[in-house]
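# Residue-level structure breakdown
Here are the chains, one letter per residue:
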Amino acid sequence: MFPDLFRDDVFTLETPRLFLRWPKASDAAAIVTLAGDRRVAEMTARIPHPYPADEATKFIIAVRNANADGHQLMLAISTRTNPEKLIGMIGVERGCAGTEFGYWLGVPHWGKGYMTEAAQALIDALFLYTEEDAVSASIRVMNTASRKVLEHCGFQYEGGGMCIRPAWGDSTPSDTYRLTRSLWSSLKGWRAPVPYGRELAAGGM
Ligand SMILES: CC(C)(COP(=O)(O)OP(=O)(O)OC[C@H]1O[C@@H](n2cnc3c(N)ncnc32)[C@H](O)[C@@H]1OP(=O)(O)O)[C@@H](O)C(=O)NCCC(=O)NCCS
């Protein structure tokens, strides 16, 4: 179970450009529009297409319940300049196969580095505030953008297989990636070397 910090709906994360918060009822219309775009839905296992109009409200209630239970932390992504306007979602969920990572972003917001920024913030929170040893993510083999997001966050390729997509009633070739606490910790501690003699020079000798 995730810690109490994540289970309270006042929990938020901020990045230089983004604001991550629990989803709320007023996000329903944005979810219908953005998740309802086939280009978003077809890359996921759980977003149906076409997206039923009443699905978003049910989804928001389910997310808030699961967040409060501590089985997942699913956050709405918005910009710091407009925190009320949802532009995507990101989350980690505890399952029998370990902790899994998932996300989507509305098409108008693709290609600005937003998801890499959001993903790095959530991964930091996961490893800083929980005792998780690792987090995994599965992507469709064709999903180059998502693969790059994972690579930019330090995820390592684990292997290929088939991913069952409940919302689509099919299965599709997929690749699985994993990030361990140990690798995350190493990347976070990576610093540039100090050239020999520079410290002495700075000290005026
Ligand atoms: C995957 C997704 C979240 C990426 O969001 P994003 O904010 O556009 O990603 P970023 O801007 O952080 O881009 C990360 C990298 O992917 C690249 N990229 C973005 N869109 C791309 C595309 N359509 N094709 C190829 N590369 C793409 C970026 O150039 C960047 O690479 P670089 O820094 O090495 O040049 C978004 O495309 C999306 O929501 N897709 C549909 C849902 C989905 O795939 N969810 C994940 C399911 S596992």
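Just above, that's the structure.
The notes below deal with the structure included here.

### Quick notes on the environment of T44
Mapping T44 onto the fold places it in the loop between α3 (38–41) and α4 (55–69). Separated by 124 residues in the primary sequence, T44 and W168 have C-alpha atoms spaced 9.1 Å apart.

### Side note on the site of the ligand
As a matter of local geometry, the ligand sits amid 20 residues, with M43, M115, T116, A145 and K148 nearest to it. Top element by residues in the shell around the ligand is helix α6 (residues 144–152). It accounts for five residues.

### Regarding the pairing of strand β8 (residues 170–180)
Across seven bridges, the pairing between strand β6 (residues 134–140) and β8 is antiparallel. Bridge pairing in β8 links V135 to L179. Of the pairings in the sheet, the one linking strand β7 (residues 156–165) to β8 comprises nine bridges and is antiparallel in character. Within β8, the position partnered with R165 by the bridge is D170. The antiparallel pairing of β7 with β8 creates a hairpin that spans four residues between the two strands, and G169 there sits at a positive phi of about 65 degrees.

Rules and cut-offs
Residues numbered from 1 in each chain as written. Predicted model: local features only at pLDDT ≥ 70, side-chain atom pairs only at ≥ 80, totals over all residues. Helix = DSSP H or I, 4+ residues; strand = E, 2+ residues; numbered from the N terminus. Near = placed C-beta within 6 Å. Pairing = 2+ DSSP bridges.

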